[in-house]
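Residue-level structural notes
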Amino acid sequence: MNSETQPQSDEEEERYVLRLFIIGASLNSMRAVANLKEICEKYIKDNYSLEIVDVHQEKSIAAKEQLIALPMLIKLSPSPERRLIGDMSDTPKVLKGLGISQM
Amino acid sequence: MSIEPSKSQFNTLPKTLTGIQGLDEITQGGLPEARPTLICGAAGSGKTLFSMEFLVHGAVMYHEPGVFIAFEEKTDELSINVASLGFDLQQMQADKLIKLDHVRIERSEIEETGEYNLDGLFIRLGYAIDSIGAKRVVLDTIESLFSGLTNEAILRAELRRLFEWLKEKKVTTIITGEKGDGMLTRQGLEEYVSDCVIMLDHRVENKISTRILRIVKYRGSVHGTNEYPFLIDEEGISVLPVTSLLLNHEVTSERLSSGIPELDRMLGGEGFFRTSSILVSGTAGTGKTSIAGSFVNEACLDGKRAIYFAFEESPHQIVRNMRSIKIDLQTHIDKGLLIFSASRPTLRGLEMHLLSITRLIERFKPAVIVLDPISNLITVGSASEVKNLLIRLIDFLQAYQITVMFTSLALGDKRAEQTDESVSSLVDAWLLLRDIESNGERNRCLYVMKSRGMKHSNKVREFLITDKGLRLVEVFVGPDGVLTGSARETQQLLEKTDVALRDQAITRTDREIERKRTLLEAKIASMKEEFESIKEELNKTYIADKLKQSILDENKKELTQKRDKSI
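Since the structure is predicted, the reported quantities are computational estimates derived from the model, not experimental observations. (Residues numbered from 1 in each chain as written. Chains lettered and ligands numbered in written order. Predicted model: local features only at pLDDT ≥ 70, side-chain atom pairs only at ≥ 80, totals over all residues.)

What follows is about the overall build of chain B. Scanning chain B from terminus to terminus reveals 15 helices and 25 strands. Out of the 567 residues belonging to chain B, those deemed buried represent 42%. Sequence separation of at least 24 residues holds for 70% of the intrachain contacts in chain B that already meet a minimum separation of 6. (Helix = DSSP H or I, 4+ residues; strand = E, 2+ residues; numbered from the N terminus. Buried ≥ 20, exposed ≤ 12 C-beta atoms within 10 Å, placed from the backbone. Contact = placed C-beta atoms within 7 Å.)

In this section: the overall build of chain A. Each helix and strand in chain A was counted, giving three helices and five strands. Along the chain direction, N to C, the helices and strands of chain A fall in the order β-β-α-β-α-β-β-α. Residues classed as buried in chain A amount to 34% of the 103 residues present. In chain A, of all internal contacts separated by at least 6 residues, the share reaching a separation of at least 24 is 69%.

Let us look at the sheet that holds strand β10 (residues 208-218) of chain B. Residue and element names in this part refer to chain B. Across the sheet, which stays open at both edges, the nine strands sit in the order β5-β4-β7-β8-β3-β9-β10-β11-β12 with mixed pairing between neighbours. Strand pairing shows two members of the sheet lacking a second neighbour, β5 (98-102) and β12 (236-239), which therefore form its edges. When strand polarity is set aside, the average angle formed by the axes of neighbouring strands in this sheet is 20°. Taken together, the four bridges between β10 and strand β11 (residues 227-233) define a ladder with antiparallel strand orientation. Within the sheet, the bridge partner assigned to R214 lies in β11 and is E227. Across the sheet, helix α5 (residues 119-132) touches β4 (66-70), β5 and β7 (136-140), and the angle it forms with β5 is around 160°. (Pairing = 2+ DSSP bridges. Axes fitted to C-alpha atoms, helices over the stretch in contact; angles between N-to-C directions.)

Residue and element names in this part refer to chain B. With mixed pairing, the nine strands of this open sheet are ordered in space as β17-β16-β18-β19-β15-β20-β21-β22-β23. The open sheet is flanked by β17 (338-342) and β23 (469-474), the only strands paired with a single partner. Each adjacent strand pair in this sheet contributes to an overall mean axis angle of 20°, direction not counted. The pairing of strand β18 (residues 368-372) with strand β19 (residues 403-409) spans four bridges and is classified as parallel. Of the residues in β19, the one forming a bridge with I369 is V404. In the packing of helix α9 (residues 288-301) onto the sheet, the strands contacted are β15 (277-282), β16 (306-310), β17, β18, β19, β20 (429-438), β22 (461-466) and β23, and the crossing angle to β18 comes to about 165°.

With that settled, consider the nonpolar core. Residues and elements named next belong to chain B. Of all hydrophobic cores here, the largest spans 162 residues; its most connected members are V296, A306, I369 and L431. Shared between two domains, this core takes at least three residues from each, and those domains are domain 1 (15-239) and domain 2 (255-476). Those residues in contact with L431, other than ones at most four positions away along the chain, are I278, V280, I291, L446, V448 and M449. (Core = buried A, V, L, I, M, F, W, Y, C linked by C-beta atoms within 7 Å. Domains from an automatic or database assignment.)

The subject of this paragraph is α9(B). Residues separated by three or four positions in an α-helix point in the same direction, a consequence of the helix having 3.6 residues per turn. All names here are of chain B. Look at α9: 20 Å from first C-alpha to last across 14 residues, which is about the 20 Å you get at 1.5 Å a residue. Most of α9 sits out of view: 13 of its 14 residues are buried. Of the residues one or two after α9, G303 is the one with positive phi, at around 85°. (Expected span 1.5 Å × (residues − 1).)

Residues and elements named next belong to chain B. Here chain B averages 85 in pLDDT, and 94% of its residues register 70 or above. pLDDT under 50 marks residues 1-8. Its contacts with residues more than four places away, or in other chains, come to eleven contacts. Overall fold confidence for the complex sits at a pTM of 0.67, while the interface term, ipTM, reaches 0.85. (pLDDT = per-residue confidence, 0-100.)

With that settled, consider the pairing of β10(B). Residues and elements named next belong to chain B. Note that strand β9 (residues 196-205) and β10 share ten bridges and pair antiparallel. If you follow D201 over to β10, its bridge partner there is I212. Following β9, the chain reverses through two residues before pairing antiparallel with β10; N206 in that reversal takes a positive phi of roughly 50°.

Following the UniProt record, the feature "coiled-coil region" (unreviewed entry) maps to residues 510-537 of chain B here. What you have in residues 510-537 of chain B is 100% helix and 0% strand, and the ends, taken at the C-alpha atoms, are 41 Å apart. (UniProt positions renumbered as here; feature names shortened; annotations may be inferred.)

Below, the discussion takes up the pairing of strand β21 (residues 441-451) of chain B. Residues and elements named next belong to chain B. With ten bridges connecting them, β20 and β21 associate as antiparallel partners. Looking at the pairing, L433 lines up with L446 of β21. Between β20 and β21, which pair antiparallel and follow one another directly, the connecting turn spans two residues, one of which, N439, has a positive phi of 50°.

Once that is clear, we can look at the interface of chain B and chain A. Contacts between chain B and chain A engage 21 residues on the former and 27 residues on the latter. Those elements that provide at least two residues to the side of chain B that touches chain A are β6 (110-112) and α5 of chain B. No other element matches the six residues that α5(B) contributes to the side of chain B that touches chain A. For the side of chain B that touches chain A, a count of residues per class yields nine nonpolar, four polar and eight charged. Pairing of strand β5 (residues 82-85) of chain A with β6(B) involves three bridges; the strand directions are parallel. (Nonpolar A, V, L, I, M, F, W, Y, C, P; charged D, E, K, R; others polar.)

A separate point is the confidence of the model for chain A. Overall, the predicted model of chain A reaches an average pLDDT of 83, with 85% of residues at or above 70. Note on residues 1-11 of chain A: pLDDT is under 50 here. Beyond four places in sequence and across chains, it has 17 contacts.

This brings us to α5(B). With 14 residues, α5(B) should cover 20 Å at 1.5 Å per step; its first-to-last C-alpha distance of 20 Å lies within 8% of that length. Buried within α5(B) we find D119(B), G120(B), L121(B), F122(B), I123(B), R124(B), L125(B), A128(B) and I129(B). On its buried side, α5(B) packs onto α2 (61-64) and β4 (72-77) of chain A together with β4, β5, β7 and α7 (152-168) of chain B.

Residues and elements named next belong to chain B. Mapped onto the secondary structure, I339 falls in strand β17. For the pair I339 and L360, spaced 21 residues apart in sequence, the C-alpha separation works out to 9.8 Å. Ignoring anything within four residues of it in the chain, the contact list for I339 reads I307 and F364.

In this section: the packing of helix α12 (residues 350-364) of chain B against helix α13 (residues 383-399) of chain B. Residue and element names in this part refer to chain B. α13 packs onto α12 with a crossing angle of 15° between their chain directions and a minimal axis gap of 10 Å. Here α13 runs roughly parallel to α12, going by the angle between their axes. The hand of the α12/α13 crossing is right-handed. Judged by residue contacts, L350, L354, I357 and T358 of α12 engage E385, V386, L389, R392, L393 and F396 from α13. (Parallel < 35°, antiparallel > 145°, perpendicular 65-115°, else oblique. Left-handed = near helix turned anticlockwise from the far one by under 90°.)

Looking now at unusual backbone geometry. The omega torsion across S77(A) and P78(A) is -5°, close enough to zero to call that bond cis. Looking at where P78(A) falls in the secondary structure, it is placed in the loop between β4 and β5. A cis amide bond links S79(A) to the next residue, P80(A), at an omega of 0°. On the secondary structure map, P80(A) appears in the loop between β4 and β5. At T275(B), a position not held by glycine, the phi torsion is positive, near 70°. Along the chain, the position of T275(B) falls in the loop between β14 (272-273) and β15. We note that K365(B) has phi near 50°; this positive angle belongs to a residue other than glycine. Mapping K365(B) onto the fold places it in the loop between α12 and β18. Residue class for K365(B) comes out exposed when judged on the 12 C-beta atoms lying within 10 Å of it.

Put into structure tokens, the structure is as follows:
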């Protein structure tokens, strides 16, 4: 498990709490992690916490979290909760899903 | 069950028993083992229940735990829904026999941001299978994925992978799919599941619904291709396996009495063959039910079990009416030898009737059953459907070695006669009851129209329903034709008078002759006397003459001697 937190916030907006479910070292998973990190660093730098969960390590989590398609990103906060699936290569859609207006 | 799935000499395709009544017979052993089977059908056709039964029976009867992945219903909803069939899913989950998982997928909550796959589902499924050692898996309407996820290309590739993976996992899988336009399923799942496809349908004809099951495809196996009606009731699904394609029932030459000695005599002296089917048809009020009652009564008196299916009268009515002709059915009911099953034909469709009949038979195991009357069934189906039903029923009964008596009402109207005609070729014996109206009265007549395999009377008998029971009497056939009822009685009386008169005449003549004889004999005696006296008279003269002659001769001799001496 790999988690990264940036406690500092220099904006008034709520912190982004993200959880990314991936599966092992598959191509899609690697891409999703890379793409997401890039987007986060670019748009919500220092205002997010990202938890990356490898479902292979903890299989029971799949049912608990209603996982079907992978990779999947859950935006837990700010509400509403949103789910994003895919390798996060479609940046506008990722931003839309996260509720970030493009600058 | 007597209908055993036939065993192929080459053990080709291993199968998994479903435990669903009747289905294992049609498929000759169940669904293909370790392969996916597609169950498709419209909404409400029973797909979920079908797959749930597959799992529950597997867990309970065959010790094969199962995983149920529900894409539509929530797990607790599912538990409640199947609880009405007596399955306690909560307990079974606790016992690790069944695992339920509800897969919820909401398009509005999901944003697709690029390439993905269904590994999440694979992992869930794999985890569920491994955690209870499942042998059976149900994916209830996996097509829901298509409404939750938009990338069809990915979905299709992933489904293909999923089915392959399930095969590798060696689990027998049921996938359900909603019926689509011109296709078996909306998303064409049949493309991926190539081993076995079963279609469920729900039809309403004449306001009566019938559920139908059909095996569209079963690779590598012989299977019935017909539409099989099935039933969902408090015991779950039962498919009607009641069509044996072969006519290879064992036959017996044992006989069963009809309860009417004269009728037995008409049937070669001993009655009907056991395991045969008998049709009693006739117009209203000719005594069909009485004959049926008598038949049942006789069987019960013999210690046999019987079921009386009444489609017209209530059991109490029948028992009461039978009592009036000295047939006591109540004692048989009390002894547990006889049960009644009364229902209006319009209560359910024909298939349901057949099913409830066969089910009751399987439970009660009677030797004799009566269906009274089958002509009423025509109100819920066409003549050909009724015939079809009866064929299957007769097949079923023969497999169980049960003798059946049908009664059929002939109204003189075309439809009912058609029933008669269509059914008559199926039955082994056909008794026909007729009204004969003459001289201001109606009388019942009975004759044996046919009786396969035995010598039977060709005579019309008058059928009497008396308070001492049923009787058959010979009708009077005279110069004026067949006489029945009081005309027959009158004729019989007339004949009796005739006989008496004739008898008297004969005795008078006899006496006359006797008298004449005595007279003549007296005469003869007196003439004899007369003759004797004449004879004596004649003899007297004759002897005198002889005497005279001999004396003369004597004298002559003496004279001659005297003369000689004197010489």
